[in-house]
Amino acid sequence: MAEETISIPSSFDEMDLSSEVLHAVKDMGFTAPSTVQAKTIPLMMAWADINAIAPTGTGKTCAFGIPLLEYISLKDSRVQAVVLAPTRELALQIGDELTRLAKYIQGAKIAVLYGGQPIVKQLNAIKRKPQIVVATPGRLLDHMTRGTLHLDAVHTMVLDEADEMLNMGFVKDVTKIIESTPNDRQLVLFSATTNQDVLTIAWKYQHDPVEITVEATKADRPQIAQYVISTEPNKKIDHLLYLLDADVYGRMMIFCNTKFMTDKLTSRLKKEGYQAECIHGDIKQSQRNVVMNDFRRGKFPILIATDVAARGIDVDDVEAVINFDLPTENEYYLHRIGRTGRAHKHGVSFSLVTFQESVRMDEILRYMIAKPLPLHFNEAEVLCKEDGEPFFDKV
Ligand code: ADP
Ligand code: MG
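About the cut-offs
Residues numbered from 1 in each chain as written. Chains lettered and ligands numbered in written order. Predicted model: local features only at pLDDT ≥ 70, side-chain atom pairs only at ≥ 80, totals over all residues. Heavy atoms only, no water. Helix = DSSP H or I, 4+ residues; strand = E, 2+ residues; numbered from the N terminus. Rg over C-alpha atoms; globule rule 2.2 N^0.38 Å. Buried < 20%, exposed > 50% of the residue type's maximum accessible area, 1.4 Å probe, protein only. Contact = heavy atoms within 4.5 Å. Areas by Shrake-Rupley, 256 points an atom, 1.4 Å probe, with all protein chains shown as cover. Pairing = 2+ DSSP bridges. Axes fitted to C-alpha atoms, helices over the stretch in contact; angles between N-to-C directions. Salt bridge = Lys/Arg side-chain N within 4 Å of Asp/Glu carboxyl O. Near = heavy atom within 4 Å. Polar contact = N/O pair within 3.5 Å; in protein donor to acceptor, adjacent residues only side chain to side chain. Nonpolar A, V, L, I, M, F, W, Y, C, P; charged D, E, K, R; others polar. Phe/Tyr/Trp six-rings, centres within 6.5 Å; stacked < 30°, edge-to-face > 60°. Lys NZ or Arg CZ within 6 Å of the ring centre and 35° of its normal. Core = buried A, V, L, I, M, F, W, Y, C linked by side-chain atoms within 4.5 Å. Disulfide = S-S within 2.5 Å.

Asks: Is there a simple way to think about the overall build of the protein in this case?
Replies: Helix and strand counts for the protein come out as 14 helices and 15 strands. In summary, the protein has a C-alpha radius of gyration of 23 Å against a globular reference of 21 Å for 395 residues, a match within 12%. Dimensions along the principal axes, computed over C-alpha positions, put the protein at roughly 70 × 45 × 35 Å. Classification of the 395 residues of the protein by burial places 53% in the buried group. In the protein, of all internal contacts separated by at least 6 residues, the share reaching a separation of at least 24 is 73%. Accessible surface, the protein: about 18700 Å² in total, of which carbon and sulfur atoms supply 51%.

So this is what it looks like as structure tokens:
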């Protein structure tokens, strides 16, 4: 099958996805598929064997994750799909992304198996009858040898970071695992660059594979510069004002977690002379619409919002997003910062984080590839980069 025989969709809505998956994708803050997703998802759902070469950060996990979730059978309690990853970190990250995608699919079960974790804990995960197993090759083989896991009902195998995995000396293990699956299963390979081992696996085990190559284009990555600012509870508002006074960003959104904080911050900013308005759940929908329209049309530059109120609103060119409070749900972080950097523009996000909140910040960032840069205020209360240089040219 040639790649050209399937048209490349420009939105998730064009992909014949279930409402459950679409809902989850929305929650994750994705507005459009990345190039590798647009190319891979339709082909994978048409059961093609795929050999995809795409650089890091192009969204490969969802490129295979979405099709896997679309075609596992929830009635079948056997393992139907296996994703192999070279490291435990990557396996966990994939498991997490799949779990987020599966949020609305009742009964979808994903097990993550990797070396270093007690076998017993993993046996429990296997006993829950996962349809999808994400694993490092060594540990998966362990389970197969012990007879605790069977791959005879597997219809799809994905090798993520195949080049890396095979480079690390997993050729034999990977080969054994592939050979324990039915001969007509779908085999999908994802690599950053191609190498001889990848080609060999493709040649030995794939049927009419389709090659997908995605160049490293900036358009694939959300163009959001993220910063975490260390602050203290009693300095948070001053530090927020410092960001506003920098006079660098035209249109800004500030997120708070409670209606109370949203109101409090809005009146404080107004008192200080800023043009700021807010939306939250206690404000009538009609009034919220007025505020949103005015914000969209540039009547005032600063919108303060709670997550719930900000749901589904679409403002294209917010230049900066500020997390006054950290979101209570991890996925809201991406949601929030995704308000900026849209339409291939640059965006910036700041999270004001107190020492008490730093644990929470770490949790949120745990599975994110693009990590924010740390900023701090020096003794003279100037916002500085890690190297001590001022962050803004002039304030
Ligand atoms: P890769 O495996 O190609 O390195 P990932 O699948 O880990 O990339 O995705 C990189 C980041 O981009 C993740 O934080 C992911 O949630 C995010 N992401 C994936 N798809 C999209 C999308 N369509 N729009 C916006 N962000 C996305
Ligand atoms: Mg990846």
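Continuing now.
Asks: Before we go on, may I ask you to explain the sheet that holds strand S3 (residues 110-113) in this structure?
Replies: Strand pairing in a sheet relies on backbone hydrogen bonds, with the paired strands running either antiparallel or parallel. The strand order across the open sheet formed by seven strands is S3-S4-S2-S5-S6-S1-S7, and the pairing between neighbours is parallel. On the outer flanks of this sheet lie S3 and strand S7 (210-213), each paired with one strand and no other. Adjacent strand axes in the sheet meet at a mean angle of 15° when their direction is disregarded. As judged from the four bridges shared by strand S2 (residues 81-84) and strand S4 (residues 132-135), these two strands associate in the parallel manner.

Asks: What is the right way to read the pattern of salt bridges from this model?
Replies: A pair can form between side chains of opposite charge whenever their charged atoms are brought close. Under the definition given, this model contains 14 salt bridges. Two residues, Asp 76 and Arg 78, come together in a salt bridge whose shortest N-O distance is 3.1 Å. Judged by relative accessible area, which is 48%, Arg 78 ranks as partly exposed. Salt bridges here are not isolated pairs; linked through shared partners, they connect Glu 232, Lys 235 and Glu 381.

Asks: Quick question: what am I supposed to make of the site of ligand 1 here?
Replies: Surrounding ligand 1, one finds 15 residues, the nearest of these being Ala 32, Gln 37, Gly 57, Lys 60 and Thr 61. Within the backbone of Ala 32, an N or O atom sits 2.8 Å from a nitrogen atom of ligand 1. Measuring from an oxygen atom of ligand 1, one finds a side-chain N or O atom of Glu 97 at 3.4 Å. Taking 570 Å² as the accessible area of ligand 1 by itself, protein coverage stands at 87%. By residue class, the composition of the shell around ligand 1 is six nonpolar, seven polar and two charged.

Asks: Help me out: how do you make sense of the packing of aromatic side chains in this one?
Replies: Two measures describe an aromatic ring pair: the distance that separates the ring centres and the angle between the ring planes. Scanning the model with the defined rule gives eleven aromatic pairs in all. Ring centres of Tyr 242 and Phe 377 lie 5.0 Å apart, and the angle between their planes is 85°; this geometry places the pair in the edge-to-face category. Taken together, the residues span a long stretch of sequence, with Tyr 242 in helix H9 (residues 236-245) and Phe 377 in strand S14 (residues 373-377) at a distance of 135 residues. The residues Tyr 242 and Phe 377 share a single accessibility class, namely buried. Three or more aromatic residues link up through ring pairs in this structure, and these residues are Tyr 227, Tyr 242, Tyr 249, Phe 350, Phe 377, Phe 391 and Phe 392. Over the ring of Phe 324 we find Lys 236, and its NZ or CZ is 5.2 Å from the ring centre. Above the ring of Phe 295, the side-chain terminus of Arg 251 is found at 5.6 Å from the ring centroid.

Asks: Looking at this model, I keep getting lost on unusual backbone geometry. Mind explaining?
Replies: When glycine is set aside, most residues are seen to have a negative phi, and most peptide bonds are trans. Despite not being glycine, Trp 47 has its phi angle at roughly 70°, a positive value. Mapped onto the elements, Trp 47 comes out in the loop between helix H2 (35-45) and strand S1 (50-53).

Asks: Would you mind showing me how to read the sheet that holds strand S9 (residues 252-255) here?
Replies: With mixed pairing, eight strands are arranged side by side in an open sheet as S10-S11-S9-S12-S13-S8-S14-S15. The open sheet has two free edges, formed respectively by strand S10 (276-279) and strand S15 (383-384), since each of these has just one partner strand. Relative to strand S13 (residues 347-354), strand S8 (residues 224-231) is paired through eight bridges, and the arrangement is parallel. From the neighbouring strand, Gln 226 faces S13, where its bridge partner is Ser 349. Its contacts with the sheet place H9 against S8, S9, strand S11 (302-305), strand S12 (320-323), S13, S14 and S15, and it is angled at close to 165° to S13. Seen against the sheet, helix H10 (residues 259-271) touches S9, S10 and S11 and runs at an angle of roughly 170° to S10.

Asks: Which parts of the structure should I look at to understand the pairing of S12?
Replies: The alternating pattern of S12 places Ala 320 and Ile 322 on one face and Val 321 and Asn 323 on the opposite face, and all of these are buried. Pairing geometry for S9 and S12, over four bridges, is parallel. Bridging from a neighbouring strand, Met 252 pairs with Ala 320 of S12. Pairing of S12 with S13 involves four bridges; the strand directions are parallel. Within S13, the residue paired with Ile 322 across the bridge is Phe 350.

Asks: Got a minute to help me understand the nonpolar core in this structure?
Replies: Soluble, globular proteins show a tendency: their nonpolar side chains are buried together. With 41 residues, the main nonpolar core has Ile 66 and Leu 68 as its most contacted residues. Sort the elements by how many residues they give to this core and helix H3 (residues 60-71) lands first, with seven residues. Not counting the four nearest positions on each side in its chain, Leu 68 is found in contact with Met 44, Ala 81, Val 83, Ile 132, Thr 156 and Val 158. By size, the runner-up hydrophobic cluster in this structure holds 33 residues, among which are Tyr 227, Leu 243, Tyr 274 and Ile 283.

Asks: Looking at this model, I keep getting lost on the state of the cysteines. Mind explaining?
Replies: Each disulfide consists of a covalent bond between the sulfur atoms of two cysteine residues. For the coordinates displayed, the defined rule picks out zero disulfides. In this structure Cys 256 is a free cysteine whose sulfur lies 8.8 Å from that of Cys 278, the closest cysteine sulfur available.

Asks: Which parts of the structure should I look at to understand the pairing of S2?
Replies: For a regular strand, the rule is simple: side chains alternate between the two faces of the sheet. Alternating residues of S2 divide into Ala 81 and Val 83 and Val 82 and Leu 84, and every residue in both groups is buried. Summarising the sheet, S2 and strand S5 (residues 156-159) pair through four bridges and their orientation is parallel. Opposite Val 83, over in S5, you have Val 158 as the bridge partner.

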